[in-house]
Amino acid sequence: MNETFTGRVWVLGDDIDTDIIIPTEYLALKTVQDMAPYAFSPLRPELAGQIRPGDILVAGKNFGCGSSREQAPEIIKALGIRCVIAGSFARIFFRNSINNGLLLIENAELHDAVREGDELQVTVGEKIVCGGREYAVAALPQNLMDIIDAGGLVKAMRRLNGLED
(Lines give C-alpha, C1' and ligand atoms only; values in the text may rest on other atoms or scores of the structure.)
Protein backbone atom coordinates (compact mmCIF):
# COMPACT_ATOMS: atom_id res chain seq x y z
CA MET A 1 0.00 0.00 0.00
CA ASN A 2 1.38 3.38 -0.99
CA GLU A 3 1.38 6.27 1.45
CA THR A 4 -1.30 8.95 1.05
CA PHE A 5 -0.96 12.48 2.39
CA THR A 6 -2.45 15.92 1.85
CA GLY A 7 -0.79 19.30 1.73
CA ARG A 8 -1.29 22.96 0.91
CA VAL A 9 0.13 24.09 -2.43
CA TRP A 10 2.68 26.79 -3.26
CA VAL A 11 3.03 27.43 -6.99
CA LEU A 12 6.27 28.33 -8.78
CA GLY A 13 7.01 28.65 -12.50
CA ASP A 14 9.43 27.08 -14.95
CA ASP A 15 13.22 27.02 -14.64
CA ILE A 16 13.48 27.50 -10.86
CA ASP A 17 17.22 27.18 -10.53
CA THR A 18 19.32 26.39 -7.48
CA ASP A 19 20.31 30.08 -7.18
CA ILE A 20 16.64 30.90 -6.65
CA ILE A 21 16.18 28.01 -4.22
CA ILE A 22 19.15 29.25 -2.16
CA PRO A 23 21.21 32.22 -3.34
CA THR A 24 24.99 31.86 -3.26
CA GLU A 25 25.52 34.54 -0.60
CA TYR A 26 23.66 32.45 2.00
CA LEU A 27 25.74 29.30 1.47
CA ALA A 28 28.34 30.67 3.92
CA LEU A 29 25.88 30.34 6.81
CA LYS A 30 26.72 27.50 9.19
CA THR A 31 23.69 25.23 8.88
CA VAL A 32 20.88 24.41 6.50
CA GLN A 33 18.47 25.69 9.17
CA ASP A 34 20.32 29.04 9.12
CA MET A 35 19.95 29.15 5.32
CA ALA A 36 16.29 28.11 5.14
CA PRO A 37 14.75 31.56 5.81
CA TYR A 38 16.41 32.80 2.60
CA ALA A 39 14.99 30.08 0.35
CA PHE A 40 13.41 31.44 -2.84
CA SER A 41 14.29 35.01 -1.74
CA PRO A 42 15.27 36.31 -5.21
CA LEU A 43 11.83 35.33 -6.51
CA ARG A 44 9.57 35.57 -3.45
CA PRO A 45 11.32 36.88 -0.30
CA GLU A 46 8.28 36.14 1.89
CA LEU A 47 7.80 32.52 0.78
CA ALA A 48 10.13 30.70 3.20
CA GLY A 49 8.40 32.33 6.16
CA GLN A 50 4.96 31.26 4.92
CA ILE A 51 5.73 27.61 4.26
CA ARG A 52 4.52 25.18 6.92
CA PRO A 53 5.46 21.53 7.47
CA GLY A 54 3.56 19.28 5.10
CA ASP A 55 3.16 21.89 2.35
CA ILE A 56 3.73 20.95 -1.29
CA LEU A 57 5.60 22.86 -4.00
CA VAL A 58 4.15 22.65 -7.51
CA ALA A 59 6.35 24.00 -10.29
CA GLY A 60 6.67 23.99 -14.04
CA LYS A 61 9.41 22.36 -16.03
CA ASN A 62 13.14 22.16 -15.30
CA PHE A 63 12.90 22.60 -11.52
CA GLY A 64 16.33 22.62 -9.84
CA CYS A 65 18.35 23.58 -12.90
CA GLY A 66 21.66 25.37 -12.47
CA SER A 67 24.43 24.28 -10.15
CA SER A 68 24.67 20.94 -8.42
CA ARG A 69 24.57 22.46 -4.93
CA GLU A 70 23.31 19.88 -2.52
CA GLN A 71 21.96 22.52 -0.15
CA ALA A 72 19.00 23.22 -2.49
CA PRO A 73 17.05 20.03 -1.72
CA GLU A 74 18.27 20.05 1.88
CA ILE A 75 16.75 23.51 2.40
CA ILE A 76 13.45 22.54 0.77
CA LYS A 77 13.29 19.59 3.13
CA ALA A 78 14.30 21.75 6.13
CA LEU A 79 11.37 24.08 5.35
CA GLY A 80 9.07 21.09 5.89
CA ILE A 81 8.01 20.69 2.26
CA ARG A 82 6.51 17.19 1.96
CA CYS A 83 7.19 16.88 -1.77
CA VAL A 84 7.89 18.83 -4.93
CA ILE A 85 5.71 18.17 -7.97
CA ALA A 86 7.01 19.59 -11.24
CA GLY A 87 6.69 19.12 -14.97
CA SER A 88 10.32 18.02 -15.00
CA PHE A 89 13.44 18.18 -12.84
CA ALA A 90 17.07 18.88 -13.59
CA ARG A 91 18.90 15.55 -13.47
CA ILE A 92 21.47 16.44 -10.79
CA PHE A 93 18.84 18.12 -8.60
CA PHE A 94 16.66 15.00 -8.91
CA ARG A 95 19.42 12.73 -7.65
CA ASN A 96 20.52 15.13 -4.91
CA SER A 97 16.91 15.28 -3.72
CA ILE A 98 16.56 11.51 -3.54
CA ASN A 99 19.91 11.27 -1.74
CA ASN A 100 18.62 13.77 0.82
CA GLY A 101 15.25 12.05 1.28
CA LEU A 102 13.11 14.63 -0.56
CA LEU A 103 10.22 13.17 -2.55
CA LEU A 104 9.92 14.45 -6.12
CA ILE A 105 6.99 13.71 -8.41
CA GLU A 106 6.90 14.50 -12.13
CA ASN A 107 3.58 15.57 -13.62
CA ALA A 108 3.31 17.91 -16.60
CA GLU A 109 -0.44 18.66 -16.24
CA LEU A 110 -0.84 19.69 -12.61
CA HIS A 111 0.97 23.05 -12.74
CA ASP A 112 -1.66 24.62 -15.01
CA ALA A 113 -4.59 23.16 -13.04
CA VAL A 114 -3.62 24.05 -9.47
CA ARG A 115 -3.87 27.36 -7.64
CA GLU A 116 -1.76 28.50 -4.73
CA GLY A 117 -3.47 27.53 -1.48
CA ASP A 118 -5.25 24.52 -2.99
CA GLU A 119 -5.01 21.27 -1.09
CA LEU A 120 -3.67 18.21 -2.86
CA GLN A 121 -4.02 14.61 -1.90
CA VAL A 122 -1.03 12.56 -3.02
CA THR A 123 -0.89 8.78 -3.12
CA VAL A 124 2.79 8.09 -3.67
CA GLY A 125 3.46 6.23 -6.89
CA GLU A 126 -0.18 6.30 -7.97
CA LYS A 127 -2.04 9.60 -8.22
CA ILE A 128 -2.60 13.18 -7.19
CA VAL A 129 -6.12 14.43 -6.50
CA CYS A 130 -6.85 18.13 -6.95
CA GLY A 131 -10.34 19.61 -7.08
CA GLY A 132 -11.90 16.21 -7.64
CA ARG A 133 -9.69 15.45 -10.64
CA GLU A 134 -7.10 12.68 -10.57
CA TYR A 135 -3.65 12.95 -12.12
CA ALA A 136 -1.71 9.75 -12.64
CA VAL A 137 1.91 9.65 -11.51
CA ALA A 138 4.61 7.11 -12.17
CA ALA A 139 6.03 5.12 -9.31
CA LEU A 140 9.68 5.58 -8.44
CA PRO A 141 11.76 2.39 -8.33
CA GLN A 142 11.71 0.68 -4.94
CA ASN A 143 15.41 1.33 -4.29
CA LEU A 144 14.79 5.09 -4.59
CA MET A 145 11.69 4.90 -2.39
CA ASP A 146 13.76 3.04 0.23
CA ILE A 147 16.21 5.97 0.26
CA ILE A 148 13.41 8.54 0.58
CA ASP A 149 11.63 6.51 3.29
CA ALA A 150 14.86 6.28 5.29
CA GLY A 151 15.36 10.06 5.10
CA GLY A 152 18.26 10.00 2.67
CA LEU A 153 21.04 7.84 1.25
CA VAL A 154 23.29 7.83 4.32
CA LYS A 155 20.41 6.81 6.59
CA ALA A 156 19.30 4.16 4.07
CA MET A 157 22.78 2.65 3.96
CA ARG A 158 23.02 2.70 7.75
CA ARG A 159 19.66 0.90 7.91
CA LEU A 160 20.70 -1.61 5.26
CA ASN A 161 23.90 -2.38 7.16
CA GLY A 162 22.25 -2.65 10.56
CA LEU A 163 23.87 0.54 11.87
CA GLU A 164 20.74 2.53 12.72
CA ASP A 165 21.06 4.68 15.82
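Above this text you will find the structure in question.
Figured I'd write up the structure that's included with this text. (Residues numbered from 1 in each chain as written. Predicted model: local features only at pLDDT ≥ 70, side-chain atom pairs only at ≥ 80, totals over all residues. Heavy atoms only, no water.)

Considering the sheet that holds strand β5 (residues 119–123)
Our working definition: At least two bridges found by DSSP between two strands are what make those strands a pair. Elements are defined by DSSP. Helices are runs of H or I of four residues or more, strands are runs of E of two residues or more, and each kind is numbered from the N terminus. To obtain each axis, a line is fitted to C-alpha atoms, and for helices this fit is confined to the stretch in contact; angles are then taken between N-to-C directions over 0 to 180 degrees.
Taken together, the seven strands give an open sheet; going across it, the order is β4-β3-β2-β1-β5-β6-β7, and neighbouring strands pair in mixed fashion. What marks the edges here is a single partner per strand, and that holds for β4 (103–106) and β7 (133–136). Each neighbouring strand pair of the sheet contributes to a mean axis angle of 30 degrees, computed without reference to strand direction. Where strand β6 (residues 127–130) and β7 come together, four bridges link them in antiparallel fashion. Looking at β7, one finds that Lys-127 is bridged to Ala-136.

Observations regarding helix α4 (residues 71–78)
Note the following rule: Residue burial is assigned from relative accessible area. The probe radius is 1.4 Å, only protein chains are included, and a residue is buried under 20% of its type maximum, exposed over 50%, and partly exposed in between. Note that the arc is defined by the directions from the helix axis to the C-beta atoms. Two residues form a contact once any of their heavy atoms are found within 4.5 Å.
Among all positions of α4, only Ala-72, Pro-73, Ile-75 and Ile-76 are buried. All buried residues of α4 lie within an arc of 160 degrees about the axis, which places them on one face of the element. Looking at the buried side of α4, the elements it contacts are α1 (18–21), α2 (32–35), β2 (56–59), β3 (83–86) and α5 (91–99).

Structural notes on the nonpolar core
Our working rule: We define the nonpolar core as a collection of buried residues of types Ala, Val, Leu, Ile, Met, Phe, Trp, Tyr and Cys that are connected through side-chain atoms lying within 4.5 Å of one another.
Ranked by size, the top nonpolar core spans 30 residues in total, and within it Phe-40, Leu-57, Phe-63, Ile-76, Leu-79, Val-84 and Phe-93 carry the most contacts. Listed by contribution, the elements that provide at least two residues to this core are α1, α2, α3 (47–50), β2, α4 and β3. With three residues, the top contributor of residues to this core is α4. Once residues within four sequence positions are removed from consideration, Val-84 is found in contact with Leu-57, Phe-63, Ile-76, Phe-89, Leu-102, Leu-103, Leu-104 and Ile-105.

Some details on the pairing of β6
The sheet contact formed by β5 and β6 spans three bridges and is antiparallel. Bridge pairing links Gln-121 to Val-129 in β6. Connecting β5 to the antiparallel partner β6 that follows it, the hairpin turn spans three residues, and Gly-125 within it adopts a positive phi of roughly 75 degrees. With antiparallel pairing between neighbouring strands as the criterion, β6 and β7 make up a hairpin whose turn holds two residues, including Gly-131 at a positive phi of roughly 55 degrees.

A few points about the packing of α5 against helix α7 (residues 142–150)
When two helices pack together, you describe them by how their axes are tilted relative to each other and by the distance separating the axes. Our working definition: Working rule for angles: under 35 degrees goes down as roughly parallel, over 145 as roughly antiparallel, 65 to 115 as roughly perpendicular, anything else as oblique.
Contact geometry of α5 with α7 gives a least axis separation of 8 Å together with a crossing angle of 55 degrees. Here α5 lies oblique to α7, going by the angle between them. On α7, the residues that touch Phe-94, Arg-95, Ile-98 and Asn-99 of α5 are Leu-144, Ile-147 and Ile-148.

As for the pattern of salt bridges
For the record, the criterion: Throughout this description, the term salt bridge denotes a Lys or Arg side-chain nitrogen within 4 Å of a carboxyl oxygen of Asp or Glu.
Applying the stated criterion across every chain, the model contains eight salt bridges. Across the pair Asp-55 and Arg-8 runs a salt bridge, and its minimum N-O distance is 2.8 Å. With Asp-55 in the loop between α3 and β2 and Arg-8 in strand β1 (residues 4–11), the pair connects residues that are 47 residues apart, well separated along the chain. By relative accessible area, Asp-55 is classed as buried at 4%. A salt bridge links Asp-14 to Lys-61; the shortest N-O distance between them is 3.4 Å.

Things to note about the side chain of His-111
Just so we agree on the cut-off: Any N or O atom pair separated by 3.5 Å or less is treated as a polar contact, with the protein-specific requirement of one donor-capable and one acceptor-capable atom, and with residues adjacent in sequence counted only for side-chain atom pairs.
Relative to the helices and strands, His-111 resides in helix α6 (residues 110–113). In this structure the side chain of His-111 is engaged in a polar contact, spanning 2.8 Å, whose partner is the backbone oxygen of Leu-12.

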